[in-house]
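What follows is the residue order along each chain.
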Amino acid sequence: MINSKKRAIILPTANGYLICPGCRMTKLIRIREETVATGLQVYCRKCKRELIVDILEGQCFESQGR
């Protein structure tokens, strides 16, 4: 399970999609309630930002585990 210290920054979601926190315009990936991921790398084509995210119970957090 993901340590609570690694889940400090909550990332925006809308209608089941992770929204890019940089440009706030691009849908990055679809997030379902049962989705679980640790250290998932996502990339925004619009603003060229790369994120490492942790997903737990439908919520997305920026990974702090580096």
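One can find the structure itself at the top, above this paragraph.
In short, a report on the structure.

So, how was this worked out
- Residue positions are given per chain, counting from 1 as you read along its sequence in written order.
- Two thresholds apply to this predicted model, a pLDDT of at least 70 for residue-level local features and 80 or more for giving and counting side-chain atom pairs, whereas whole-chain, interface and lining totals are computed over all residues.
- As a convention, hydrogens and water are excluded, and side-chain values are obtained from all of the structure's heavy atoms.
- Residues belong to a common nonpolar core when they are buried Ala, Val, Leu, Ile, Met, Phe, Trp, Tyr or Cys residues joined through side-chain atoms within 4.5 Å.
- Using a 1.4 Å probe on the protein chains alone, a residue whose accessible area is under 20% of its type maximum counts as buried, one over 50% counts as exposed, and one in between counts as partly exposed.
- Labels follow the DSSP assignment, with helices taken as runs of H or I lasting at least four residues and strands as runs of E lasting at least two, numbered in each case from the N terminus.
- Paired strands are those between which DSSP finds at least two bridges.

Section: the nonpolar core
Residues L11, L18, C20, L28, I31, A37, V42, C44, L51, V53, I55 and C60 constitute the largest nonpolar core, which totals twelve residues. No other element matches the three residues that strand β6 (residues 50–56) contributes to this core.

A word on the sheet that holds strand β3 (residues 17–19)
Read from one edge to the other, the open sheet built from three strands follows the order β2-β3-β4, with strand pairing classed as antiparallel. The open sheet has two edge strands with one neighbour each: β2 (13–14) and β4 (27–30). Across three bridges, β3 lies against β4 in antiparallel orientation. Each bridged residue has a counterpart across the sheet, and for I19 the counterpart in β4 is K27.

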